[in-house]
Amino acid sequence: MLSIPEAVDAQADAAAVKVAATRSPLRFLVSSMLAGLWVGGGVYVMFSAAGPFFIAGDPATRLVSGAVFAIALTFVVFAGSELATSAMMVLPMGALRRRISWLQGAGTLVFILVGNLLGSLVLAWVLIQAGIFNDAATGGMLDGILTTKMSHSASELFFRAIMCNILVCVAIWAAGRVKSEAAKAIVIFWGVFGFIASGFEHVVANMTIFGAGVLGGSSVEVTWADFGNNMLWVGLGNLVGGMVVLGMAYHFIAGRRKADAVVTESIDAADVAVQQDAVPEVERVS
């Protein structure tokens, strides 16, 4: 297992890779769209598996939802794609470790969000054309979740989103520390299970859910203003959870970068040598 300083440096290196990848914008866009697809796929699997529990009012709904939704982040990590919520931790770590600038990090995050949104909307449209939400259980769960999400106040969305991305990013963080692929999959499962079972808010998952609503997949009236309101508060909450609670906290725990530590030690050694040279020979002998 990587130490905390090693893991922070590894995430900072990953941030630099993300920024460099934006130099091939079309490829980076497709990678970001795929993350929207994988998360949206998790949403549909969740509706399909947990829908019958939902319309029956079964309290096991959230447990079933969390258990199956883990497919989303598992595919994002193991298939390889760019997801905004994990980038909210990775990119700030890169900026804090001075591997990238804050401006580069912000621009890359916006790029990823746009790609995630496009991928999610395309998937939502395809699912509607396939008649997926015509099923009573699947469509009923979509209607119920949209109604619930739109009933939350801005502050409720914000704080639910903070809690969501704490769990998502700690899953990515812990998975990055272990070397076994099986251990990575297990850690990811529990992180995702936790946020879904708790009813927290994930900005990319909501892109597919609200996308299905505004494109006509639900019987609940959903406007683009409703969509935008959710994206704003959930996106900000996810950012705080990923950047502040995980990114900044573990950067602080890790201390200086290895390169910074070496430079500091060299400067300190040079200062000691200068001070010794400045002491008169008589004082040294005495």
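Definitions and limits used
- Residues numbered from 1 in each chain as written.
- Predicted model: local features only at pLDDT ≥ 70, side-chain atom pairs only at ≥ 80, totals over all residues.
- Heavy atoms only, no water.
- Helix = DSSP H or I, 4+ residues; strand = E, 2+ residues; numbered from the N terminus.
- Buried < 20%, exposed > 50% of the residue type's maximum accessible area, 1.4 Å probe, protein only.
- Contact = heavy atoms within 4.5 Å.
- Areas by Shrake-Rupley, 256 points an atom, 1.4 Å probe, with all protein chains shown as cover.
- Core = buried A, V, L, I, M, F, W, Y, C linked by side-chain atoms within 4.5 Å.
- Salt bridge = Lys/Arg side-chain N within 4 Å of Asp/Glu carboxyl O.
- 1 Å grid on protein atoms, 1.4 Å probe; cavity = no way out; pocket = protein on both sides within 12 Å on 5 of 7 lines; lining within 4 Å.
- Points joined across faces, edges and corners; volume = space filled by probe spheres on them.
- Nonpolar A, V, L, I, M, F, W, Y, C, P; charged D, E, K, R; others polar.
- Expected span 1.5 Å × (residues − 1).
- Bend = angle between axes of the 7 residues up to and from the residue.
- Phe/Tyr/Trp six-rings, centres within 6.5 Å; stacked < 30°, edge-to-face > 60°.
- Axes fitted to C-alpha atoms, helices over the stretch in contact; angles between N-to-C directions.
- Left-handed = near helix turned anticlockwise from the far one by under 90°.
- Patch = residues over 30% accessible without salt bridge, like charges linked within 9 Å, V, L, I, M, F, W, Y side chains within 5 Å.

**Student:** Looking at this model, I keep getting lost on the overall build of the protein chain. Mind explaining?
**Tutor:** Helix and strand content of the protein chain: 12 helices and 0 strands. Split into buried and exposed, the 286 residues of the protein chain put 46% on the buried side. Taking as baseline every contact in the protein chain between residues at least 6 positions apart, the subset at least 24 positions apart corresponds to 84%. Summing over all exposed atoms, the protein chain offers an accessible surface of approximately 13,300 Å²; the carbon and sulfur share of this is 67%.

**Student:** Before we go on, may I ask you to explain the nonpolar core in this structure?
**Tutor:** Grouped burial of nonpolar side chains is what soluble globular proteins tend to show. The biggest cluster of nonpolar side chains holds 72 residues, and the ones touching the most others in it are V39, F47, F69, L73, M89, F133 and V192. At 12 residues, the largest contribution of residues to this core is made by helix 7 (residues 154-177).

**Student:** What's the story with the pattern of salt bridges in this structure? I'm lost.
**Tutor:** A side chain of one charge can pair with a side chain of the opposite charge when the charged atoms of the two come close. Throughout the structure, instances matching the rule amount to 4 salt bridges. Here R99 and D13 are joined by a salt bridge, their closest N and O atoms 2.9 Å apart. A residue pair is termed long-range when its members are at least 10 positions apart, and R99 in the loop between helix 4 (84-96) and helix 5 (102-129) and D13 in helix 1 (residues 4-21) qualify at 86 residues. Since its relative accessible area comes to 38%, R99 is described here as partly exposed. Residue classification places D13 among the partly exposed positions, given a relative accessible area of 36%.

**Student:** What's the story with empty space enclosed by the protein in this structure? I'm lost.
**Tutor:** Unoccupied space between atoms shows up once a probe the size of one water molecule is rolled over them. All told, the structure shown has 1 cavity of 30 Å³ or more when counted by the stated rule. By volume, the largest cavity is sized at about 50 Å³. Taken together, V39, F69, A72, L73, L83, V168, V192, F195 and H202 form the lining of the largest cavity. Sorting the residues of the lining of the largest cavity by element identifies helix 3 (61-80) and helix 8 (181-197) as the ones contributing at least two each. Sort the elements by how many residues they give to the lining of the largest cavity and helix 3 lands first, with 3 residues. Along the lines of polarity and charge, the residues of the lining of the largest cavity split into 8 nonpolar, 1 polar and no charged.

**Student:** Sorry, what's going on with the environment of L26 here?
**Tutor:** Within the secondary structure, L26 sits in helix 2 (residues 25-55). Between the C-alpha atom of L26 and that of G115, which follows or precedes it by 89 residues, the distance is 9.9 Å.

**Student:** Would you mind showing me how to read helix 2 here?
**Tutor:** Residues spaced three or four apart along an α-helix face the same direction, because each turn holds 3.6 residues. Its 31 residues give helix 2 an end-to-end C-alpha distance of 43 Å, which sits within 8% of 45 Å, the value for a rise of 1.5 Å per residue. Along helix 2, the helix axis deviates most sharply at A49, where the bend reaches about 45 degrees; the proline P52 sits within four residues downstream. Count one or two residues on from helix 2 and you reach G57, which has phi positive near 70 degrees.

**Student:** What exactly am I supposed to notice about the packing of aromatic side chains here?
**Tutor:** To describe a pair of aromatic rings, one takes the distance between the centres and the angle between the planes. In this structure the tally under the stated criterion is 11 aromatic pairs. Between W38 and F75 the ring centres are 5.9 Å apart and the planes differ by 75 degrees, which places this aromatic pair in the edge-to-face class. With W38 in helix 2 and F75 in helix 3, the pair connects residues that are 37 residues apart, well separated along the chain. Of the residues examined, W38 reaches a relative accessible area of 24% and is grouped as partly exposed.

**Student:** What is the right way to read the packing of helix 2 against helix 9 (residues 203-214) from this model?
**Tutor:** A pair of packed helices is characterised by two quantities: the angle between their axes and the separation of those axes. At a minimum axis separation of 9 Å, helix 2 and helix 9 run at an interaxial angle of 65 degrees. Helix-helix and strand crossings are classified by hand; for helix 2 and helix 9 the assignment is right-handed. Residues G36, V39, G40, V43 and F47 of helix 2 touch helix 9, and the partners they reach there are V204, A205, T208 and I209. Grouping the constituent residues of the contact of helix 2 with helix 9 by class yields 6 nonpolar, 3 polar and no charged.

**Student:** How should I be thinking about helix 10 (residues 224-254) in this particular structure?
**Tutor:** Taking 1.5 Å per residue as the helical rise, helix 10 with its 31 residues ought to reach 45 Å, and the 42 Å between its terminal C-alpha atoms agrees with that figure. Burial in helix 10 covers these residues: F227, N230, M231, V234, G235, G237, N238, G241, G242, L246, G247 and A254. Taken together, the buried residues of helix 10 touch helix 1, helix 4, helix 5, helix 6 (136-151), helix 7 and helix 9. Phi for G255, located one or two positions after helix 10, is positive at around 80 degrees.

**Student:** For this particular structure, what's the right way to read a nonpolar patch on the surface?
**Tutor:** On the surface, V122, W125, V126, L215 and W224 cluster together into a nonpolar patch covering about 510 Å² of accessible area. By residue number, the principal contributor to the nonpolar patch is helix 5, which donates 3 residues. Looking at where L215 falls in the secondary structure, it is placed in the loop between helix 9 and helix 10. Residue L215 is classed as partly exposed on the basis of its relative accessible area of 35%.

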